[in-house]
Every structure is written in structure tokens, then in C-alpha cells.
Amino acid sequence: MKSFVPTLVMSECWPESFSFVDQYGGRPWGLPEALWPSCSSCGRAMPLLAQFAHHPKRIDLGREGRRVYLFLCQNERDHCYEDHAFVFLEAEQCTGRWTERPTSASALLPSVTVVGWREKEDGISPEDYVRFFQRLEEGGKAWSSLSEMETKLKGTPTFIQQPGGDAATFAGQIDCFLKVIDNIPPELWQKDQLGRSIYQSPTEGPLFMSRSKEEGIAYLDFVNFGDSGMGYFFIRPDRERPEGSFFWDCC
Ligand SMILES: [Zn+2]
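This section reports on the structure supplied with the text. (Residues numbered from 1 in each chain as written. Predicted model: local features only at pLDDT ≥ 70, side-chain atom pairs only at ≥ 80, totals over all residues.)

**Considerations on the pairing of strand 13 (residues 197-201)**
One ladder, built from three bridges, connects strand 12 (residues 189-191) with strand 13; its direction is antiparallel. The partner of tryptophan 189 across the bridge, within strand 13, is tyrosine 199. Counting the residues in the hairpin turn of strand 12 and strand 13 gives five residues, including glycine 195, whose phi is positive at 85°. Across four bridges, the pairing between strand 13 and strand 14 (residues 205-211) is antiparallel. Paired with glutamine 200 across the two strands is proline 206, which belongs to strand 14. Counting the residues in the hairpin turn of strand 13 and strand 14 gives three residues. (Pairing = 2+ DSSP bridges. Helix = DSSP H or I, 4+ residues; strand = E, 2+ residues; numbered from the N terminus.)

This is the structure in C-alpha cells:
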């Protein structure tokens, strides 16, 4: 199956964008403030998990120019980790600027910019892909033969251990750790008391990251999906009424 793997950088160490970019975390771009969704459990504005623009190969949103914004509550105090919302926005509704953060927002997720997409064959045949979702229907659990916990669009899910989702609408997965290019100025890297590497973000405070053995690569502790979890999203790309669904699962 064909998958699309993002090349990621920490947004605040990268030139600011003045147009829509695919992104994980941070503030939405182009979304009218009134459309920023609140959590149905705790009532606070939810952090953005990701935003993507329609692309005929990578992510079909049913209409050219359409964008999707996926929000997920991460309000630890009220134990909200699963409330989420999809907002689909047409090109003509876009404000053409960064969305102002609502006062009721709990902490946002660190902002990570997609600077490129790499097309990758994941090695799973279309038949095995369909079988993965059949196993899910039958037993509520399915593991693919993929070993890598990879953030991507399309391709085959790494594992799913609960009913939900189907082969036709699977749109992508988001790992709790994002693999990013280490574009962080060396002086902003620090160690915390436990000896863990942290990136002392000028605006977001300390962010936990680990440097990979791979030169120039780091892993960002991005979102709480339980213990080493993965988030899965599904999109039905209807021209008039697109719909999304999301859940996360941990090992
Ligand atoms: Zn909440």
C-alpha cells in the first residue's frame, strides 16, 4: 500500500508560514475563530492535533481547496483524552491568517510543520490491507507486519486493538512521538534533572525530546495517547458532507 510520510521540523525554529501548511499541533491557519471547537466533556477549546489540505493522492477531502482540522482534548485535569472534533473548511471560508487562540483553550500541542511528503510503499498488499480490517471486524484486534511506529497518511495501520474504522476510509495515523529533523539551535537543547534531553522552547516551555541515533533526527514527545499509543483517523470524502472519525489506541 502506498503511504505518505511527512518530513517534519519544529515550527518555531523554521521561517513562519504566511499560507496554509500541513501541520501537527500548534495553532490552526485559516480557521475562523468562531469555528474552533470546544470539548463536549470539559467545555474548553480543544488543542489542534493536525491540519491538512486536500490532496488528490495523499488525503482526499472530497473537494479541491478544502482543509481538515482535527482537534483533540488533552485536558489532564478533567481526564479528557478522547474528546475530539473534525472541522472541514472550504477555501472560500479561509481567513488567510493564523487563528487566534481562544481564552478557554487548555495547553496547545507543540507546533510541528510538514516541509515535505515522501511517498513510500509500505510492503502490505491490497489483499492483506483488506484482511487487516476484516480481522478487526471479527476480533476487534489487528496487527500489521509493520514494525515501525510511523506517522503517515494512508498506507496500513500499524495496529488497532478496538473495533472501529474501515479499509475504505482509513486516512492516516499519528504516533505519540513525532520524528522531526533536528533544526533546533544547539543552545536551546538542555538536560532536565533526570538527564532527559529537553528542548527549551522560547514560547512553549520545555518540550521532551530525544535525539535519535540517526544523525540530525530527534523524537518529540508530542501527544498523550496512553503508553506509546497511536492515533488513527478516517475520512469519508463526500463533496457536500465530508465526515471524519478518530480514536487512539495504546500498546
Ligand atoms: Zn475536555
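**Things to note about unusual backbone geometry**
Outside of glycine, negative phi angles account for most residues, and trans bonds account for most peptide bonds. Positive phi is not limited to glycine here, since lysine 154 has a value of about 55°. Take lysine 154: it is sitting in strand 8 (residues 152-154).

**A word on the nonpolar core**
Formed by 52 residues in total, the largest nonpolar core has its most connected members in Leu49, Leu70, Leu178, Leu220 and Phe222. Setting aside residues up to four positions removed in sequence, leucine 220 forms contacts with Pro110, Val112, Phe177, Leu178, Val180, Leu207 and Met209. (Core = buried A, V, L, I, M, F, W, Y, C linked by C-beta atoms within 7 Å. Buried ≥ 20, exposed ≤ 12 C-beta atoms within 10 Å, placed from the backbone. Contact = placed C-beta atoms within 7 Å.)

It is worth stressing that arrangement in space is one thing and function is another; only the former is reported here.
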